[in-house]
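Take a look at the letters that make up each chain.
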Amino acid sequence: MRIAEISSSPSPSTQHQQDSQLLLSQIESSIKQLEHFSSTLNNTNTISSNLRQSLTQLSQLGPFSSEFNLHLWKLSYRLWNSCVDLSNLNSKLRSSSSSSAALSLDLAKLRHIAADVLSLAGNVSGVPSPSIKSASFYYKTGLIWHDLRRFDLASSCFEKATDLLSNSNAAAAISADDATKLLLDVNLARSRTAWELSDRNLAVALLSRSKTLLLCSDHYGSLANQYLAFGKSLLSKKNETESLSEALKLMKEALDLCEKVGDGNLRELRWKTLRFISAVHLQKEEYESVIKCVRVLRQSEDEKNQHPSLPVMAVKAWLGLRRFGEAEKELRGMVVNTGIPEGVWLSAVEAYFDAAGGSAGAETAKGLFLGLMGRCHVSAGAAVRVAHRVVGDGVESEGSKVRAKVVAELVSDDRVVALFAGEAVAKERMAMHAVLWNCAADFFRSKDYGTSAEMFEKSMLYIPYDIESKILRAKGFRVLCLCHLGLSQLDRALEYINEAEKLEPNIACAFLKFKIYLQRNDHDGAISQIQAMTTCLDFTTDFVSLSAHEAVACRALPVAVAALSNLLNFYTPGKSMPTTEIVVLRTLVTILTQQPGNELEVVKFIKRAHNRSSELGSDLFFGKGEIGRRERNWFAVTSWNLGTRTGKEGNYELCAEFFRLASGLYCVPVDGQAEENNVMVCKSLILTVSSMIASEKQRKAALSESEVNEAVKLLDKAGKILKSISTGTRLNDDQITTLEPDLFFIYTFSAYDIKGRLNDLASQQLLVKSFASSKACNSKHLLQIGLTASQAPRSNHEVATFALNECLSSLLSSPSPDFENVALILRKLIAVASIHKGDTDDDAVYGMYKQAYQIMVGLKEGEYPTEEGKWLAMTAWNRAALPVRLGQIEMAKKWMNIGMELAKRIPGMETYKACMEDFVDCFQKKCNVQNNGDNRPQLVE
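It should be emphasised that the depicted structure is a prediction, and the values quoted were computed from it without experimental measurement.

### Some words on the overall build of the protein
Looking only at helices and strands, the protein has 46 helices and zero strands in total. Relative to its 941 residues, the protein shows a buried fraction of 46%. As displayed, the protein has an accessible area near 46,500 Å², and 50% of this comes from carbon and sulfur atoms.

Here it is, written out as structure tokens:
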């Protein structure tokens, strides 16, 4: 740099002055902007940022001249006054909360800048006590920051104010009292901020430090109030024992400060502090101390102006000491004290009831409340509060029933009911109704229907008689009906439900009437009520289903059947129902089968199940998979069992119907499979025809042509199934006959009977011969077939002869033949042969006798039935009479010889045998002399 350039550059002091003036101009310009916009509340944030930046730069350029400092002083006051104007304007405009909060924050920043500007100006000549004024700015700014809950900034301001006030020359120009007052205020404010920052030690230390600054009663009052405020803050933390002790300590400090002032200026504060000390003792359960505090307060305060909290604390303290008599005295004293607010009195009553509890507490609460009504106006809300407290939290608590009775007496008092008249207390009236209703509902759930009914009745007192409340009143009558149903007071229950029906006729009323009729055992009335339900506007099928459940529970089976039958009328495709149709039908059949004599109804419903499965499809009706299979099998097995039972009872017509349904149900496929039931289908078909034949004999009326044709179809189907079973892969003939030994016989016997009606004799023979060749055949079966075939009106001698001969062969091949049956068969064979072959084939009949003789040979005496043997001998002998008369000597000898041979084998025929021999000798002699006289061999039985 050249010398000329050096000489032209400004000096450092000149540059310092220029920079300072520039920054000062910027600060003043920003303040002017603020003053200009003070009517619009705009740009405060930008201005505060600019001012803070300029002030920061300016603070680095000091010290300044006295004139410069004076200018700063003026600018600080201008800035402060602008903030005051903006704050007042913000209060008047009442802008939105968010914008108002932002502006308050900006104004606090500007005030802080004003305090910093004033602090930067320092001591200015001609201005008295500048440090005090600067401290005042910082104090006021700190209060604003505290209100905005910016406690760190507030603490910073208070600390600067404290430093300024601590200057030994600060109070030189003003009175010491003003400086001390300001320092006290700063200490208290700083203490409050430290408390908010959870620095309790500093807060309490600042209060202790402030004790040296107390010059008058106002100072004492301010400090005592702050001690009390801190104690109250700790008092709210009920569960911290340490906090309560600290609160008590702080309040005692406040009480000491009040007592140091001799005049009466702090009298009210002293009583207030003492009351809070009493509250702390109450929370710490130091009840004796509470009583002492209350006594001091009562002796010190004006008796007419005693605070309402005193009796409440006294009541709670006496209760804590378990001295209920003293507590009750306090309560009764409160009743006559018109100065105690309602809420305070109620709080004391609640405390008494919580501690005393039981019937005594409830009675006292009721008496006190009614006493309170006698001396002043009590609000409806107070009545609700007392009722709710006395009722308690539930029926499980001790004495709940007694307390409910007390509440019932309280709320039914005319004076209490009068409190809830009018629209002004509509909310309280509904609250009281809710309290009583909920209490009644709790007792109802615990099955205490008597108490429940009483509480529901009292709740009706709090339902207005207007159109809007009609539904609520109807609801009340319905629950009262339920209560009296539970008490079996059916007449009263009917009265209540009739009242409910007048107000709101609906399905619920109809159903409750049904329950009443049901419990009265009025089955006809209950059934009529089921029909009435269907006419209700809000009817749903759920109520019919529920009615059936109720009827079953009451063992009113006719009503249950009526309900379920009615329910069946509502089943249509696509309609949602409470239960499936198959379940309803199954339930109906189950109910009906519990009592005899309902078989016709059972047939009707099982038939409906079968028909509906055909209409809707088995999968849709019975269900799919295992569920559907179980449902189908249940109906099929039930039909089978009922068919078996009615058959045993001799009701063959119903038996045939049940077996017919069983065969149809077993054939219903589920998931396309029905073959698994082929055996049961076959058995059902065969037993159906067998039952039809038995019914014919029972009714003594021949089967109609259509019935015969039906039987033919059923037997044809059974025959095909038998063939498929015997030739199938699962079971062969041996296995099926072993499993069902009588199945083939019943089929054969029934088919023989039906074919006989069609005069199909050849088919009968083939059928019997086929059966005789099967392993299912035995002698008893053949005997029954032979006997049947030998009898009119549809006899078949060829079948009879074949069956009886086969049976005879079977019996004789046995190691121990049944000679009773052998004798019976021989007699039948002789009878058949005599009728159909006797005239043309005498040898056939003779052969039967000869076979009988051969059977007797070798038997022990009496082993062959004696009477049957006598019959054989005498009938054989008598058969010789006709040949003798006709002169057929050889034939006569043949029959006489066989008769005598048979007589020889039969015990007890000795006399007959001697006569026979004598006649034979005589006959032989006469034959020798060729005497043709009329001498016939005759034997009389």
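### Examining the packing of helix α38 (residues 761–772) against helix α40 (residues 797–812)
For any two helices packed against each other, the geometry is given by the interaxial angle and the distance between the axes. Interaxial distance between α38 and α40 falls to 9 Å at its minimum, and their mutual angle equals 10 degrees. One finds that α38 runs roughly parallel with respect to α40. Contacts between α38 and α40 involve Gln764, Gln765, Val768, Lys769 and Ala772 from the former and Glu798, Val799 and Phe802 from the latter. When its residues are assigned to classes, the contact of α38 with α40 shows four nonpolar, two polar and two charged.

### Quick notes on the side chain of Ser663
Mapped onto the elements, Ser663 comes out in helix α33 (residues 652–666). Looking at Ser663, its side chain comes within polar contact range of the main-chain oxygen of Arg660, at 2.6 Å. If near-sequence neighbours (up to four positions away) are discounted, Ser663 is found in contact with Val681, Ser684 and Leu685.

### Examining the nonpolar core
Leu79, Phe420 and Met432 are the most contacted members of the largest nonpolar core, which totals 149 residues. Residue contributions to this core peak at ten residues, all from helix α5 (residues 97–121). Sequence-distant contacts of Phe420, that is, excluding residues within four places in its chain, are made with Ala380, Ala383, Val384, Val425, Glu428, Arg429, Met432 and Tyr462.

### Considerations on the side chain of His146
Residue placement: His146 occurs in helix α6 (residues 130–147). According to the relative accessible area criterion, His146 is buried, its value standing at 16%. Here Thr193 takes part through its side chain, which lies 3.0 Å from a polar atom of the side chain of His146.

### Quick notes on the environment of Ser795
By the element assignment, Ser795 lies in the loop between α39 (779–789) and α40. For the pair Ser795 and Leu761, spaced 34 residues apart in sequence, the C-alpha separation works out to 9.6 Å. Not counting the four nearest positions on each side in its chain, Ser795 is found in contact with Ala789 and Ser790.

### Thoughts on helix α21 (residues 426–445)
Across its 20 residues, α21 extends 28 Å between first and last C-alpha, which sits within 8% of the 28 Å expected from 1.5 Å per residue. Those residues of α21 not exposed but buried are Arg429, Met432, His433, Val435, Leu436, Trp437, Cys439, Ala440, Ala441 and Phe443. Note on α21: the residue one or two positions beyond its end, Lys447, has a positive phi of about 70 degrees.

### A closer look at the packing of aromatic side chains
Applying the stated criterion across every chain, the model contains 23 aromatic pairs. Here the aromatic rings of Phe621 and Phe622 are separated by 5.1 Å at their centres, their planes lie at 75 degrees, and the arrangement is edge-to-face. No difference in accessibility class separates Phe621 from Phe622, as the two residues are buried. Arranged with centres 6.3 Å apart and planes meeting at 10 degrees, the rings of Phe919 and Phe923 form a pair that is stacked. Of this pair, Phe919 and Phe923 both sit in helix α46 (residues 910–928), separated by four residues, roughly a single helical turn. Chaining the aromatic ring pairs together yields one cluster made of Trp73, Tyr77, Trp80 and Phe137. Above the face of the Tyr465 ring, Arg473 is positioned so that its terminal group lies 3.8 Å from the ring centre.

### Considering the pattern of salt bridges
This structure, assessed with the given rule, holds 34 salt bridges. Residue Arg586 is joined to Glu631 by a salt bridge in which the shortest nitrogen-to-oxygen separation is 2.9 Å. Taken as a pair, Arg586 in helix α29 (residues 581–592) and Glu631 in helix α32 (residues 625–648) lie far apart in primary sequence, 45 residues in all. Of the residues examined, Arg586 reaches a relative accessible area of 24% and is grouped as partly exposed. The salt bridge involving Glu626 is made with Arg629; its shortest N-O contact spans 3.3 Å. Remark: Arg629 and Glu626 occur in helix α32; sequence separation between them is three residues, near one turn of the helix. Assessed through its relative accessible area of 15%, Arg629 is described here as buried. When salt bridges that share partners are traced, they join Glu581, Arg608, Arg612 and Glu615 into one network.

### A word on unusual backbone geometry
For Arg149, which is not glycine, the phi dihedral falls at a positive 60 degrees. Turning to its location among the elements, Arg149 is positioned in the loop between α6 and α7 (151–165). Of note in the backbone geometry, Asn759 takes a positive phi value of approximately 55 degrees without being a glycine. For Asn759, the position within the fold is in the loop between α37 (743–757) and α38. On the accessibility criterion, Asn759 (63% relative accessible area) is exposed.

### Digging into α37
Owing to its 3.6 residues per turn, the α-helix brings residues three or four apart onto one side. Across its 15 residues, α37 extends 22 Å between first and last C-alpha, which sits within 8% of the 21 Å expected from 1.5 Å per residue. For α37, the buried fraction is high: 13 of the 15 residues fall into the buried class.

### A short note on the packing of helix α30 (residues 599–616) against α33
α33 packs onto α30 with a crossing angle of 20 degrees between their chain directions and a minimal axis gap of 11 Å. With respect to each other, α30 and α33 are oriented roughly parallel. As α30 packs across α33, the resulting crossing turns out to be left-handed. Residues Glu599, Leu600, Val602, Val603, Ile606, Lys607 and His610 of α30 pack against Leu654, Glu657, Phe658, Leu661, Gly664 and Leu665 of α33. The class makeup of the residues in the contact of α30 with α33 is eight nonpolar, two polar and three charged.

### Some thoughts on the confidence of the model for the protein
Model confidence for the protein is summarised by a mean pLDDT of 83, while 87% of its residues fall at 70 or above. The low-confidence segment residues 1–9, where pLDDT is below 50, has one contact with residues more than four positions distant or belonging to other chains. Throughout residues 170–174 the model reports pLDDT below 50, and contacts reaching past four residues in sequence, or to other chains, amount to eleven contacts.

### A closer look at the state of the cysteines
If you walk through the whole model with that rule in mind, you get zero disulfides. Looking at the unpaired Cys509, the closest cysteine sulfur is the one in Cys536, lying at 8.3 Å.

Cut-offs applied
- Residues numbered from 1 in each chain as written.
- Predicted model: local features only at pLDDT ≥ 70, side-chain atom pairs only at ≥ 80, totals over all residues.
- Heavy atoms only, no water.
- Helix = DSSP H or I, 4+ residues; strand = E, 2+ residues; numbered from the N terminus.
- Buried < 20%, exposed > 50% of the residue type's maximum accessible area, 1.4 Å probe, protein only.
- Areas by Shrake-Rupley, 256 points an atom, 1.4 Å probe, with all protein chains shown as cover.
- Axes fitted to C-alpha atoms, helices over the stretch in contact; angles between N-to-C directions.
- Parallel < 35°, antiparallel > 145°, perpendicular 65-115°, else oblique.
- Contact = heavy atoms within 4.5 Å.
- Nonpolar A, V, L, I, M, F, W, Y, C, P; charged D, E, K, R; others polar.
- Polar contact = N/O pair within 3.5 Å; in protein donor to acceptor, adjacent residues only side chain to side chain.
- Core = buried A, V, L, I, M, F, W, Y, C linked by side-chain atoms within 4.5 Å.
- Expected span 1.5 Å × (residues − 1).
- Phe/Tyr/Trp six-rings, centres within 6.5 Å; stacked < 30°, edge-to-face > 60°.
- Lys NZ or Arg CZ within 6 Å of the ring centre and 35° of its normal.
- Salt bridge = Lys/Arg side-chain N within 4 Å of Asp/Glu carboxyl O.
- Left-handed = near helix turned anticlockwise from the far one by under 90°.
- pLDDT = per-residue confidence, 0-100.
- Disulfide = S-S within 2.5 Å.

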